[in-house]
Amino acid sequence: VGLENAKSSLAYNIISGVSTKLSAATDAWVGNYLGKQVDYDQWLLSKVAEVTIDDAMHSIINYLLPIFDPKSNIAVSCPTNKVEEISKYFTERGWVDVQTIPEEKL
């Protein structure tokens, strides 16, 4: 059920981007400018429909979970009021060299 809900949500987001004449025209113009095929959204919807639970699990295991491995190198951008909370989160989960860089030093 969860995978089907995720696919439906993604399909809705793709479709809602062209739900009015103005947004469809804008999307067509931008797509043409970027070199996208005319039927790109239809192609993308067909690819979303083909995603299986095995595909989702493969992506989670290979791309999402490694982000949370303390041996990973990651960068997090967040609002200034969340810096301490996020830094604490990663430190408590095994990251040893957590650095926070103030915005003015970027």
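See the structure above.
Draft legend 1. Quick look at the packing of aromatic side chains. One pass over the full model with this rule turns up four aromatic pairs. For the ring pair W29 and Y33, a centre distance of 5.8 Å and an interplane angle of 5 degrees mean the geometry is stacked. You can see W29 and its partner Y33 sitting in helix α2 (residues 21–34), four residues apart, about one turn around the helix. Note on accessibility: W29 and Y33 belong to one class, exposed. By the ring-pair criterion, three or more aromatic residues cluster together here, those being Y89, F90 and W95.

Draft legend 2. Here's a closer look at the environment of W95. Note that W95 resides in the segment after α5 (83–92). Not counting the four nearest positions on each side in its chain, W95 is found in contact with I67, F68, D69, P70, S72, I74 and F90. Separated by 3.4 Å, the side chain of W95 and the backbone oxygen of S72 make a polar contact.

Draft legend 3. Broad picture of helix α1 (residues 2–16). Here α1 spans 21 Å end to end across 15 residues, near enough to the 21 Å set by a 1.5 Å rise per residue. Burial in α1 covers these residues: K7, A11 and I14. Projected down its long axis, α1 carries its buried residues within an arc of 60 degrees, all on one side. Of the residues in α1, the exposed ones pointing more than 90 degrees away from the buried face are G2 and Y12. Buried residues belonging to α1 abut α3 (40–50).

Draft legend 4. Structural context of the layout of surface pockets. The calculated volume of the largest pocket comes to roughly 740 Å³. Around the largest pocket, the lining is made up of 24 residues, and of these A75, V76, Q99, T100 and I101 lie nearest the centre. Within the lining of the largest pocket, the residues separate by chemical class into 14 nonpolar, seven polar and three charged. Of the voids in this model, the second largest pocket is the one considered here, and its volume is about 240 Å³. D27, A28, Q37, V38 and D41 are the residues nearest the centre of the second largest pocket, which is lined by 13 residues in total. Sorting the residues of the lining of the second largest pocket by element identifies α2 and α3 as the ones contributing at least two each. Sort the elements by how many residues they give to the lining of the second largest pocket and α2 lands first, with five residues. Considered class by class, the residues forming the lining of the second largest pocket number five nonpolar, four polar and four charged.

Draft legend 5. Spotlight on a nonpolar patch on the surface. Taken together, I53, M57, I60, I61, L64, L65, I67, F68, I74, V76 and Y89 make up a surface patch of nonpolar side chains, about 940 Å² in accessible area. No other element matches helix α4 (residues 53–64), which puts five residues into the nonpolar patch. Note on placement: I61 falls in helix α4. For I61, a relative accessible area of 48% corresponds to the partly exposed category.

Scoring rules and cut-offs
Residues numbered from 1 in each chain as written. Predicted model: local features only at pLDDT ≥ 70, side-chain atom pairs only at ≥ 80, totals over all residues. Heavy atoms only, no water. Phe/Tyr/Trp six-rings, centres within 6.5 Å; stacked < 30°, edge-to-face > 60°. Helix = DSSP H or I, 4+ residues; strand = E, 2+ residues; numbered from the N terminus. Buried < 20%, exposed > 50% of the residue type's maximum accessible area, 1.4 Å probe, protein only. Contact = heavy atoms within 4.5 Å. Polar contact = N/O pair within 3.5 Å; in protein donor to acceptor, adjacent residues only side chain to side chain. Expected span 1.5 Å × (residues − 1). Arc of directions from axis to C-beta. 1 Å grid on protein atoms, 1.4 Å probe; cavity = no way out; pocket = protein on both sides within 12 Å on 5 of 7 lines; lining within 4 Å. Points joined across faces, edges and corners; volume = space filled by probe spheres on them. Nonpolar A, V, L, I, M, F, W, Y, C, P; charged D, E, K, R; others polar. Patch = residues over 30% accessible without salt bridge, like charges linked within 9 Å, V, L, I, M, F, W, Y side chains within 5 Å. Areas by Shrake-Rupley, 256 points an atom, 1.4 Å probe, with all protein chains shown as cover. Salt bridge = Lys/Arg side-chain N within 4 Å of Asp/Glu carboxyl O.

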